[in-house]
Every structure is written in structure tokens, then in C-alpha cells.
Protein chains: 2
Amino acid sequence: MTTRADAVEVLLFDVFGTVMDWRTSLQKWFQRFGREHNLQADWVELVDDWRAAYQPSLARVRQGERPYVTLDVLHRESLDLLLARYGLSGVSESDRRRMARAWRCLDPWPDTVAGLTRLKRKYVIGTLSNGGLGLLVDLAKFAGLPWDVVLSADLFQHYKPDAAVYRGAPALLARPPSALMLVAAHNYDLAAARSHGYRTAFVARPTEYGPRQKADSAPKDAWDYVVTSLEELAEKMGA
Amino acid sequence: MTTRADAVEVLLFDVFGTVMDWRTSLQKWFQRFGREHNLQADWVELVDDWRAAYQPSLARVRQGERPYVTLDVLHRESLDLLLARYGLSGVSESDRRRMARAWRCLDPWPDTVAGLTRLKRKYVIGTLSNGGLGLLVDLAKFAGLPWDVVLSADLFQHYKPDAAVYRGAPALLARPPSALMLVAAHNYDLAAARSHGYRTAFVARPTEYGPRQKADSAPKDAWDYVVTSLEELAEKMGA
């Protein structure tokens with residue numbers, strides 16, 4: 001393990017779910033918004049439905065059914081469909097924009113900032129996310145994430161787990177894939193990264209999708225590191 | 001002036017010359033390298049010649065005479081030509097690599113880190129440089145530059161002042177060009193940025209090219225801000 005870690009120079013992080021607690025943050029955001037605007041709905045369910053639309057909407061881009069558009073566009077499209085389904089068609093354009101921008105106001109998990117701050121001392125730390133660059137930069141600013149570099153799907157016009165993303169990052173960083181480690185809470189992401197020569201670290205986020213989550217509650221392969229927080233990762237990687 | 005600054009959300013900085021003192025840094029690096037390797041040459045002249053090769057080598061890419069390659073490649077090619085011209089053909093491959101990497105070990109101007117740290121409190125701060133992303137990230141790590149985002153020519157496969165660079169940055173940042181300000185020590189860069197709708201700030205770096213510098217010793221247009229340091233820019237922009 002020590003030998004492997006010695007070669008790693010850059011840690012790239014999945015963002016939604018791995019470093020940010022999107023579900024609790026969005027729930028709170030919508031509950032407050034509902035109170036302030038006198039709107040009633042099952043916000044917990046709406047947030048879960050919104051996130052559930054994520055993979056199908058990405059799949060249409062990944063399978064070539066439509067050209068690449070940023071996650072901002074996909075988020076907004078699925079929001080519009082959901083508002084109609086929840087009987088909230090009367091929500092104004094400006095309020096819809098505010099709702100879609102709630103993805104820029106997420107709270108990190110409690111260990112995120114402390115863990116990243118430690119890891120940054122020894123490694124280059126950055127994102128490798130399906131979020132757009134603007135979204136990721138605004139989110140980092142909101143949450144105080146100390147990234148050295150922000151890499152996003154829109155730099156490659158492809159979504160993870162497309163090969164273009166995992167191949168593009170080492171090329172931009174002027175390093176071999178073996179100098180990179182992907183840190184993620186999702187097994188599919190780590191499997192793709194490993195297939196392209198990255199090191200891998202699994203961070204368990206067993207409540208990302210709420211108390212009944214089953215997927216990704218445990219590592220599905222022998223990843224280089226398996227941890228329950230970014231502070232534990234920093235500890236294990238000597239940072 | 002105040003009205004204009006209110007709309008600015010992102011400050012993008014030219015890097016070589018504007019935030020980094022490449023000339024003094026490279027001179028010192030080569031003088032030390034020469035002592036340690038018992039090599040003699042006019043290092044000051046070699047460094048100036050190396051930088052002088054920059055615009056012509058970029059021009060061949062910009063005019064379509066060759067496909068886009070990163071600045072790392074251009075630096076290395078011009079270094080090889082210079083070593084031959086300076087009677088240093090015997091320098092080994094590994095030492096040539098170390099020399100080319102000296103561009104990753106530059107010192108900032110004395111006001112750079114303090115100025116950026118202040119500006120970061122109020123604005124998103126990032127690069128918009130002809131350096132490659134890997135080079136810029138390594139340089140920021142070496143010099144402690146607190147960027148929120150690193151944007152480089154290789155994201156767009158074009159060098160400044162090509163339009164693709166100035167058009168690409170606002171698209172990635174999900175903002176109109178008018179929300180961006182370019183901060184640069186070079187009038188041509190600011191002129192191009194302004195033509196694409198950016199705000200502009202000129203930072204005078206009258207010794208970037210040494211004591212006999214004439215070009216860019218003064219602003220050539222009515223840029224939105226004209227300052228002599230990044231701390232002065234922070235002061236004027238209320239950061």
C-alpha cells in the first residue's frame with residue numbers, strides 16, 4: 001500500500017455524494033423555499049426524484065441520442081418535468097432558475113473540508129465530476145473546498161464513465177494515469193478509473209441516498225484504499 | 001468604475017509576467033544548475049533567448065502551420081535549439097527535462113500572493129494562460145497561488161490571442177463575458193479580451209523583460225483598471 005501511494009501525485013474526487021451531501025442540502029433548500037413562497041409539496045420525494053432523473057438523462061447523452069449538454073441543462077430539464085408532475089407548474093421562470101441553482105449551494109459531508117485540507121498539503125487535489133465547470137467552481141466557493149484544479153465533464157464533452165473523461169484528465173495534468181487516484185463513493189466510477197490505470201479510493205457514504213440506500217454501501221472490488229471519511233484517507237496516505 | 005466592478009464575478013489572470021517573475025526566477029535556476037553541473041554559459045542571455053522564442057513558436061500553431069501542442073512541447077523544442085547554439089549539446093536528456101521543468105518553479109512577484117489572497121475573498125480567481133494545465137497547476141502548487149480555477153490554452157487547443165480562448169472561458173464558467181475581467185501585464189491580451197466583452201485590468205510589470213524593457217511599460221488603452229500591483233487592484237476593487 002505504501003509503495004502504491006508513493007507514486008500518486010494527484011487525487012481527483014467525484015463530487016456529488018462523495019464530497020457533498022446533496023440530498024440533505026437540497027431537502028433543506030426546498031423546505032425553506034417552500035416556506036418562503038407558501039408552496040407545499042413532498043420536497044424529500046421531489047429531491048429524490050430529481051436525483052433519480054440524473055442517470056437516465058446522462059445516458060441519453062452517453063448513448064449519442066443527443067449532443068453533449070452540461071449538467072446545468074439536464075438538471076433544469078428534469079426539474080421542469082418534476083414541477084409539472086408535482087402540480088407546481090405555476091412556479092415562475094426566475095424561481096425555476098433559483099431552484100436549479102440550488103445545486104451550487106450544497107453542504108459538504110462533515111469530514112470533507114478537514115480531509116481535503118490535509119490531503120492538499122501532500123497532493124494536488126481536484127475534481128473529476130459530471131458537473132459543469134461553472135457549477136463546480138461556484139460550489140467550491142460556496143462550501144470552501146480548497147481544490148488545486150477543477151476538472152469537469154464539459155472539458156471533455158463526455159460524461160463519466162465514458163473513456164474520454166478518464167483519458168482526458170492525465171493528458172491535461174501532464175502525468176501518467178498511474179500518478180492519479182480517483183476518490184469516489186461509487187463503485188462504477190472506480191471500476192472505470194481503474195480500467196484506465198488510475199489508483200482508486202472508495203469512501204463509504206452509506207446515507208447518500210437516504211436511510212434505505214443499498215447500492216454502494218460497500219466496496220465491490222479490492223480498491224487501493226477503503227475509508228469512511230476523507231480524514232481517514234488523509235491519515236492512511238500520510239498527509 | 002464602481003458600477004463596472006459590481007458586475008465582475010471572476011478575475012482571470014495572465015500568468016507569465018503578470019503574476020510570475022519568470023525572468024529572474026529562470027536566471028537563478030540556470031545559474032544554480034550551471035554551478036552544480038559545472039556548466040558555463042551566459043544564462044541571462046539564454047533565458048532571454050528562450051522567452052524570445054515563445055511568440056514565434058506560438059505563431060506557428062496559431063497560423064495553422066502545425067497542430068496544437070502544449071507549451072511544454074514548445075519550451076522543450078526551443079530549449080534544444082538554444083543548447084546547440086550555446087555549445088551545450090552535451091546536456092543529457094534527463095537534464096534537458098529538468099531544465100524544461102524550470103518553468104514549474106517560478107517565483108511570483110512580491111505582491112502576487114497577498115493580492116490574490118485578498119481578491120479571492122470577493123471574487124472567483126483563476127488563470128487564463130497559454131501555459132498547459134499541468135504546468136499551471138504545478139506552478140500554483142510551487143508558488144502557493146490560491147486559484148479557484150485553472151483555465152489554460154490546452155482546454156481550447158488554441159493560444160491567446162485566438163478568439164477560442166476568450167470565448168471558451170465564459171462558456172465553461174457559465175457566465176457572460178461581462179462578468180469576467182482579464183488581469184494582464186500585456187496590452188495585446190487585454191485588447192483581445194475587451195473585444196470579446198471582458199472587463200480589463202492592466203498591471204504594470206515594467207521589468208518583466210529586464211531593465212531595458214520598452215513594450216508594455218504603460219497601458220495603451222483606457223483599461224478599466226490600471227495598477228502597479230495586485231494589492232493595489234484588490235484595494236481598488238474593494239476586496
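Residues numbered from 1 in each chain as written. Chains lettered and ligands numbered in written order. Predicted model: local features only at pLDDT ≥ 70, side-chain atom pairs only at ≥ 80, totals over all residues. Heavy atoms only, no water.

## Description of the sheet that holds strand E5 (residues 199-203) of chain B
Residues and elements named next belong to chain B.
Okay, so step 1: If you trace the 6 strands from one edge of the open sheet to the other, you get E3-E2-E1-E4-E5-E6, paired in parallel fashion. Each end of this open sheet is capped by a strand with a single partner; those strands are strand E3 (149-152) and strand E6 (225-227). When the angles between neighbouring strand axes are averaged without regard to direction, this sheet yields 20°.
Okay, so step 2: Direction of pairing for strand E2 (residues 124-129) relative to E3: parallel, over a ladder of 4 bridges. Pairing of Thr-127 across the sheet is with Val-150, part of E3.
Okay, so step 3: Where helix H8 (residues 133-143) meets the sheet, it contacts E2 and E3, and its direction lies at approximately 145° from that of E3. (Pairing = 2+ DSSP bridges. Helix = DSSP H or I, 4+ residues; strand = E, 2+ residues; numbered from the N terminus. Axes fitted to C-alpha atoms, helices over the stretch in contact; angles between N-to-C directions. Contact = heavy atoms within 4.5 Å.)

## A word on the sheet that holds strand E1 (residues 10-13) of chain A
Residue and element names in this part refer to chain A.
Okay, so step 1: Pairing is parallel in the open sheet, where 6 strands are placed in the order E3-E2-E1-E4-E5-E6. A single partner strand is all that each edge strand has here, and the edge strands are strand E3 (149-152) and strand E6 (225-227). Each neighbouring strand pair of the sheet contributes to a mean axis angle of 20°, computed without reference to strand direction.
Okay, so step 2: In the sheet, E1 pairs with strand E2 (residues 124-129) via 4 bridges, with the strands oriented parallel. Paired with Val-10 across the strands is Val-124, a residue of E2.
Okay, so step 3: Along the sheet, helix H10 (residues 163-173) makes contact with E1, E2, E3 and strand E4 (180-184), crossing E3 at roughly 150°.

## Points about the interface of chain B and chain A
Okay, so step 1: Taken together, the 21 residues of chain B in the interface contact 21 residues of chain A.
Okay, so step 2: Approximately 1600 Å² of surface area, both sides summed, lies buried where chain B meets chain A, with 60% of it carried by carbon and sulfur atoms.
Okay, so step 3: Summed over the shared surface of chain B and chain A, the result is 4 salt bridges.
Okay, so step 4: Residue Asp148(A) is joined to Lys141(B) by a salt bridge in which the shortest nitrogen-to-oxygen separation is 2.6 Å.
Okay, so step 5: Where chain B packs against chain A, one counts 10 residue pairs in polar contact (both at pLDDT 80 or more).
Okay, so step 6: Secondary-structure elements contributing two or more residues to the side of chain B that touches chain A are H8, E3, helix H9 (153-156) and helix H10 (163-173) of chain B.
Okay, so step 7: Looking at the side of chain B that touches chain A, the element that brings in the most residues is H8(B), giving 5 residues. (Buried area = accessible area lost by both parts, 1.4 Å probe. Salt bridge = Lys/Arg side-chain N within 4 Å of Asp/Glu carboxyl O. Polar contact = N/O pair within 3.5 Å; in protein donor to acceptor, adjacent residues only side chain to side chain.)

## Here's the deal with empty space enclosed by the protein
Residue and element names in this part refer to chain B.
Okay, so step 1: A complete count under the given rule lists 1 cavity of 30 Å³ or more for this structure.
Okay, so step 2: Each pocket or cavity is described by its volume, and for the largest cavity that value is around 30 Å³.
Okay, so step 3: The element best represented in the lining of the largest cavity is helix H5 (residues 71-85), accounting for 4 residues.
Okay, so step 4: Residue classes in the lining of the largest cavity are distributed as 5 nonpolar, 3 polar and no charged. (1 Å grid on protein atoms, 1.4 Å probe; cavity = no way out; pocket = protein on both sides within 12 Å on 5 of 7 lines; lining within 4 Å. Points joined across faces, edges and corners; volume = space filled by probe spheres on them. Nonpolar A, V, L, I, M, F, W, Y, C, P; charged D, E, K, R; others polar.)

## Comments concerning the packing of aromatic side chains
Ring pairs (aromatic) are described by centroid distance and by the angle formed between their planes.
Okay, so step 1: Across all of its chains, the model carries 22 aromatic pairs over all chains by this definition.
Okay, so step 2: Relative to Trp50(B), the ring of Phe30(B) has its centre 5.8 Å away and its plane inclined at 85°; by these criteria the two rings are edge-to-face. With Phe30(B) in helix H2 (residues 22-37) and Trp50(B) in helix H3 (residues 43-52), this pair connects stretches of sequence that are 20 residues apart. Here Phe30(B) matches Trp50(B) in class, with each residue buried.
Okay, so step 3: The cationic tip of Arg51(A) hangs over the ring face of Tyr54(A); the distance from NZ or CZ to the ring centre is 4.1 Å. (Phe/Tyr/Trp six-rings, centres within 6.5 Å; stacked < 30°, edge-to-face > 60°. Buried < 20%, exposed > 50% of the residue type's maximum accessible area, 1.4 Å probe, protein only. Lys NZ or Arg CZ within 6 Å of the ring centre and 35° of its normal.)

## Overview of helix H4 (residues 54-62) of chain B
Residues and elements named next belong to chain B.
Okay, so step 1: Among the residues making up H4, those that are buried are Tyr-54, Ser-57, Leu-58 and Val-61. Looking straight down H4, one finds its buried side chains confined to an arc of 100°; they lie on one side.
Okay, so step 2: Its buried side turned inward, H4 meets H3 and H5.
Okay, so step 3: After H4 finishes, the residue Gly-64 shows a positive phi value of roughly 80°. (Arc of directions from axis to C-beta.)

## Some words on the relation of the copies chain B and chain A
Both copies of the chain are placed relative to one another by a rotation about an axis and a shift along it.
Okay, so step 1: With an RMSD of 0.0 Å, the fit of chain B onto chain A corresponds to turning through 180° and sliding 0.0 Å along the axis. On the angle and the small slide along the axis, the relation comes out as a two-fold axis. Taking C-alpha positions as the reference, the residue of chain B nearest the rotation axis is Val149(B), at 3.0 Å.
Okay, so step 2: Most of the interface of chain B is mirrored in chain A, where 100% of its interface residues are also at the interface. (Least-squares fit on C-alpha atoms with pLDDT ≥ 70 in both.)

## Quick word on the layout of surface pockets
One water molecule sets the probe size; rolling that probe over the atoms shows where empty space is left.
Okay, so step 1: Taken as a whole, the largest pocket spans an internal volume of roughly 300 Å³.
Okay, so step 2: Secondary-structure elements contributing two or more residues to the lining of the largest pocket are helix H8 (133-143) of chain A together with H8 of chain B.
Okay, so step 3: Residue classes in the lining of the largest pocket are distributed as 10 nonpolar, 1 polar and 6 charged.

## Some thoughts on the pattern of salt bridges
Okay, so step 1: Applying the stated criterion across every chain, the model contains 44 salt bridges over all chains.
Okay, so step 2: Salt-bridge contacts for Asp48(B) lead to Arg23(B); the nearest nitrogen and oxygen are separated by 2.8 Å. In this pair, Asp48(B) is assigned in helix H3 and Arg23(B) in helix H2, connecting sequence segments 25 residues apart.
Okay, so step 3: Between Asp221(B) and Arg194(B) there is a salt bridge; the shortest N-O distance is 3.6 Å. With Asp221(B) in the loop between E5 and E6 and Arg194(B) in helix H11 (residues 187-195), this pair connects stretches of sequence that are 27 residues apart.
Okay, so step 4: On the accessibility criterion, Asp221(B) (42% relative accessible area) is partly exposed.
Okay, so step 5: Salt bridges sharing common partners tie together Glu9(A), Arg175(A), Asp72(B), Arg101(B), Arg104(B) and Asp138(B).

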